[in-house]
2 protein chains.
Amino acid sequence: MSKDPLVVFTPSGKRGTFPVGTPILTAARQLGVDLDSVCGGRGICSKCQITPSYGEFPKHGVTVADGALSEWNAVEQRYQEKRGLKEGRRLGCQATVQGDVVIDVPPESQVHKQVVRKRAEAREIVLDPSTKLFYVEVAEPDMHDPSGDLERLRDALRQQWQLENVTADLNILQTMQPVLRKGEWKVTVAVHLGDAENRPCIMHIWPGYYDGSVYGMAVDLGSTTIAAHLCDLQTGEVLASSGVMNPQIRFGEDLMSRVSYSMMNAGGAAEMTQAVREGIRGLFTQIAAEAGIDKTLIVDAVFVCNPVMHHLLLGIDPFELGQAPFALATNNALRLRAHDLDLNIHPSGRVYFLPCIAGHVGADAAAVALSENPDKSEELVLVVDVGTNAEILLGNTEKVLACSSPTGPAFEGAQISSGQRAAPGAIERVEIDPVTKAPRFKVIGSDLWSDDPAFEEMIAATGVTGICGSGIIEMVAEMRMQGIVDAPGLIGSPEQTGSDRCFLDGRTYSYLVHDGTDKGGPRITVTNRDIREIQMAKAALYSGARLLMDKFGVDKVDRVTLAGAFGAHISPKHAMVLGMIPDAPLEKVTSAGNAAGTGARIALLNSSARAEIEATVRAIHKVETAIEPRFQEHFVNASAIPNAVEPFPILNSIVTLPDVTFNTGGGDSDGGRRRRKRV
Amino acid sequence: MSKDPLVVFTPSGKRGTFPVGTPILTAARQLGVDLDSVCGGRGICSKCQITPSYGEFPKHGVTVADGALSEWNAVEQRYQEKRGLKEGRRLGCQATVQGDVVIDVPPESQVHKQVVRKRAEAREIVLDPSTKLFYVEVAEPDMHDPSGDLERLRDALRQQWQLENVTADLNILQTMQPVLRKGEWKVTVAVHLGDAENRPCIMHIWPGYYDGSVYGMAVDLGSTTIAAHLCDLQTGEVLASSGVMNPQIRFGEDLMSRVSYSMMNAGGAAEMTQAVREGIRGLFTQIAAEAGIDKTLIVDAVFVCNPVMHHLLLGIDPFELGQAPFALATNNALRLRAHDLDLNIHPSGRVYFLPCIAGHVGADAAAVALSENPDKSEELVLVVDVGTNAEILLGNTEKVLACSSPTGPAFEGAQISSGQRAAPGAIERVEIDPVTKAPRFKVIGSDLWSDDPAFEEMIAATGVTGICGSGIIEMVAEMRMQGIVDAPGLIGSPEQTGSDRCFLDGRTYSYLVHDGTDKGGPRITVTNRDIREIQMAKAALYSGARLLMDKFGVDKVDRVTLAGAFGAHISPKHAMVLGMIPDAPLEKVTSAGNAAGTGARIALLNSSARAEIEATVRAIHKVETAIEPRFQEHFVNASAIPNAVEPFPILNSIVTLPDVTFNTGGGDSDGGRRRRKRV
């Protein structure tokens, strides 16, 4: 008896011997090699494409001769003619083993393919969607065995795909019978593979082989904007993305004003629930139209959001989130159906909410944790998601702590005299000349600095309209660096600063950034009140981080990740000058972009990541800033804008700041914080 | 160390020793004695009432002295004053063991109490509802442990009631927070205890102790009428029952005409779905109003119906049920939510459909099997549910066979010249005088026979309007018994019968039952066509039963159960004279009343009965009459109306029929069946 041929799969390295005539797909399945197939080896779907290699493979201890696989057959020929196969490719279900062979499974033929992420340091997303397609051949009805069509379809899924205990949505029962007959008892079904709470369930059915895909939505529901990504659940690809303003803004700009609206108005919460659901429906319609897909093919949606948005979308009055002890209705992950939330996707499309971490640390923070994985980091990493509330995570493989801190809206340009949202015309980058104390800046929509001769022309459409969140941070940091603002946060007089851009403005000084009045534009200034707002916001953020460091028992962190759309635009250098974040090597301060949105996408594309983040969140140690006396203490200490010799020696290795303090007789009402001004 | 006291519970006989001071409820729980409690032993609900017995109990080997239980306490006193306790009763959670004691658990204190059934031979229904009430004390929120309110409620259910993995409906999330606070963290919840497909789930929540109940609907959805029983899930009691006409009647009287309507009209199935759901909603509203309960307290509903009604209620086009091979969309039991079917009960109220047995043998037949338990009978029992289709079950503990037979609507008074539905004025009982050959009869709405002098007055409101289904059976059987009809089914001439009530009517003779024309009423006759219709119907029924007997390998059955509202009115004697059912001792032919409705009630009140009937139905051997050649053979043989010397010797021990056959030259077109007329 001759020895059975050896089959080696790359890149997995899995190997085994198989009788001559074994299809490669069969060999792959027996070895647990990740080779895709929708049609189950019937030569229909072409998902099982593989590339045989020929020649000497000392690494694998095998020599592959011509004829190691069966000859190109009629099925492959037909597929080649109809659709084309890449050079060297074979169909794994058609090519059979004839001799020792090395088989490469290209990425696109893997079920659990990796989804491309833009950031180099970002962890891979391995595709493992909630819902997959299966082609089956169903037994015909028989009067001798009066089983239902569904039961025979379930039998086929069990026998042909080892799917046990599959149920069906009522809409499948309602539509299945003509489809089975149209497909002559051959159909493709989309099966939600089940989860912690639900059995596998048939979501869609098509006659014959369905050559399309099913889709999911990853939704980042923010207080201000709702962003959604439409993903192909078969490839992991983002087909279309878009965002809209959260229509709840008309009930209040920030979270607390929405909670107040609900408290003050009977039915207010319900109004806001309806508004946000309408907004989401509109967004879904727009994105599906852009991608040109039928909305009922969207079978899964993942939501990340802060607790107030979470409750309002679910139709829960956020009343309790507005007052201590900030009790969530539920903190666990939720598995719902689209119709529960009036979403306009597949009628029983699955909806997943990531767990909330605490009353102020929501599913968005959980999504950031899923994207940034502090729990898998050897280095101690501080992850800060900057928004109206800052969510802060600190941890490493040992443990992860979380808190939120009420930064207020100053970082978003609100409550700043010349502040505005990030939009064309808004100042986003600033440098102040050390000698002239004059600023130059960039505005959104232009790549030129304001001292470029072509700048005026470039921005003619908008003019310079105000300062956005990242702009105000750079502005205040630059003002501090160039001695225009002192450590306690006072803007100096023209005499003190040597700049006639400083001018008396009520009882304190302001700083003129840009005067556009001659062109009908605004006069953009930074007032001492603006400095105070930024001080409060950054003190809140810093204090939260510092509190977690106390709890962790550390004085410094190895790495800082700035998350959030805003985080993406902050200059790490200026953030540290301002004392927003604790000291860390500048190259270790990075932006994660919209990490919450990325976390939503991971949970959408990799359903096992859901159990993972649920376990992670259960293990996170929650710290409530509101009841920690040390938070107040840190807050008071953190209001000053640091320099090299401040008690918290931040950034001393990176930039050296002039040690300046203005001794003013007047000044704004600054309360106790003034006490800490150095004299 | 003195010995711990012995506690003996009756009627269970469970016994054990317990330390002095152990509450009786605790002892009962440890022994697994079925003693109810909603409040968990807090002296609130009074469900745990028990009766201690004192004196000598040789049977239990114990003497109970005064002082065997702790003294009557303040909690019992308060309850006594507020609500009253029956003489001798104690609260099991308050009374503690002080010495050896015998404790009787009265039926109303048992969780799994037996529900009263009217029929003596009927099996008990043991209460074991899907949804039960639990009083819990929930931990308050704490900023140091930011769990959600739901999670703390779940913890309380786990710790205080050992309920694991409880989920909550979204509506609970939406309403729970103020209720928890109103109840000061003490609440009563209604929990659906879960089933084969679903985890336990909180359905309702009330502040403090809720002294009410939750409810269920048992629905028998027939082609003609929809009947529903509102049951208290805590007591098993039927609070209100009602029925309405199935509004689908306007689309067709019988099943096949509704299937045709759907085939002939685009959207026809959807119209019928909408109609029946509307009808059910109206019925539910009416019944809930009658019982004075809030419809959202109805948390469970069970439906039994034939396959066409089943599919139409579910929104499935019954097209496939109208043609071989009669493929059901699904034959398994279904667990749905009220909103899936637009029912106006609790928004996520559970809905259960019993399994269908085959394409023509529906969930109604399964319900009959659940009620009548042929699978648990030592005797071989034939269960016949008579309607437009007859569903027939034959079996014993060894096996059960099932089929359906197309009897047509004649048994319901349709297609009979003077036929009508069962309604006041319809003839329902008949006797024909052996000498005068004149009938006397009773009509629905009157207890008097028509030869009673007060009869005319009694029925003045309606007059005599026609003959209902059970009336026509008695009529034809009596006509046969008195020699007015011969065995092949011909009505004799006045000369042949000796009755001038027989008159030539076209080419055959008819028989005058009642002439109401002088009072403006109808002239009620039985035509030879009517006899033919009844012959066809009874032959179909008989042939189905006979086919099952062949398959079982028997010539006779031990017992016959007539189910269905119609079955309740059939006279067993006349049914056997007619040859509707196989021979059996008359005292063994009984009516089960609305067995399908009873089966629905069992599945509603005893949720473990659901798994039981699902297993039973899987084991039932289905016989398809349409493809069994012997069915045709039996049918042809069965068209004659039997007498003592017919080949199938029916009833020969009970009544003796004159052996009469009319030799007519003319006669109606009777096809092949005429061949079997004896000459």
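Each remark here, short or long, concerns the structure printed above.
Fair warning: this is a prediction, and the values are worked out from it, not measured in the lab.

A. Structural detail: the side chain of His310 of chain A. Its place among the elements puts His310 of chain A in helix H7 (residues 307-314). Apart from the residues within four sequence positions on either side, His310 of chain A is in contact with Cys305, Thr330, Leu334, Phe353 and Cys356 of chain A.

B. Molecular detail of the relation of the copies chain A and chain B. Superposition record for chain A on chain B: RMSD 0.1 Å, screw rotation 180°, translation along axis 0.0 Å. Accordingly, the operation relating the two chain copies is best matched by a two-fold axis. When each C-alpha of chain A is compared by its distance to the rotation axis, Asn198 of chain A comes out closest, at 3.8 Å. Here 100% of the contact residues of chain A are again contact residues in chain B; the copies associate through an equivalent surface.

C. Molecular detail of the environment of Glu633 of chain A. Residues and elements named next belong to chain A. Looking at the secondary structure, you find Glu633 in helix H17 (residues 629-638). On the basis of relative accessible area, Glu633 is assigned to the partly exposed category, the value being 47%. Here the alpha-carbon distance between Glu633 and Ser543, two residues 90 residues apart in the chain, equals 8.3 Å.

D. Expanded view of the nonpolar core. With 118 residues, the main nonpolar core has Leu157 of chain A together with Phe303, Phe353 and Leu354 of chain B as its most contacted residues. Residues within four places of Leu157 of chain A in sequence aside, it is in contact with Phe134, Val136, Gln162, Leu163, Val166, Val189, Val191 and Ile202 of chain A. By size, the runner-up hydrophobic cluster in this structure holds 116 residues, among which are Cys39, Leu255, Cys305 and Val361 of chain A.

E. The arrangement of the interface of chain A and chain B in detail. Residue-level contacts link 48 residues of chain A with 48 residues of chain B. Note on chain A versus chain B: buried area summed over both sides is about 3,600 Å², and carbon and sulfur give 59% of it. Three residues, Met143, Pro146 and Leu170 of chain A, lead the burial of chain A against chain B; their summed loss comes to 19% of the area buried on that side. Between the two partners, chain A and chain B, sit 4 salt bridges. Put simply, chain A and chain B have 22 residue pairs in polar contact (both at pLDDT 80 or more) between them. Contributing elements (two or more residues each) for the side of chain A that touches chain B: helix H3 (149-161), helix H4 (170-182), H7 and strand S18 (334-337) of chain A.

F. A look at the packing of H3 of chain A against H4 of chain A. Residue and element names in this part refer to chain A. H4 packs onto H3 with a crossing angle of 70° between their chain directions and a minimal axis gap of 10 Å. If you check the angle between H3 and H4, you find them roughly perpendicular. For the pair formed by H3 and H4, the contact residues are Asp149, Leu150 and Leu153 on the first element and Leu173, Met176, Gln177, Leu180 and Arg181 on the second. A per-class count over the contact of H3 with H4 returns 5 nonpolar, 1 polar and 2 charged.

Cut-offs used in this document
- Residues numbered from 1 in each chain as written.
- Chains lettered and ligands numbered in written order.
- Predicted model: local features only at pLDDT ≥ 70, side-chain atom pairs only at ≥ 80, totals over all residues.
- Heavy atoms only, no water.
- Helix = DSSP H or I, 4+ residues; strand = E, 2+ residues; numbered from the N terminus.
- Contact = heavy atoms within 4.5 Å.
- Least-squares fit on C-alpha atoms with pLDDT ≥ 70 in both.
- Buried < 20%, exposed > 50% of the residue type's maximum accessible area, 1.4 Å probe, protein only.
- Core = buried A, V, L, I, M, F, W, Y, C linked by side-chain atoms within 4.5 Å.
- Buried area = accessible area lost by both parts, 1.4 Å probe.
- Salt bridge = Lys/Arg side-chain N within 4 Å of Asp/Glu carboxyl O.
- Polar contact = N/O pair within 3.5 Å; in protein donor to acceptor, adjacent residues only side chain to side chain.
- Axes fitted to C-alpha atoms, helices over the stretch in contact; angles between N-to-C directions.
- Parallel < 35°, antiparallel > 145°, perpendicular 65-115°, else oblique.
- Nonpolar A, V, L, I, M, F, W, Y, C, P; charged D, E, K, R; others polar.

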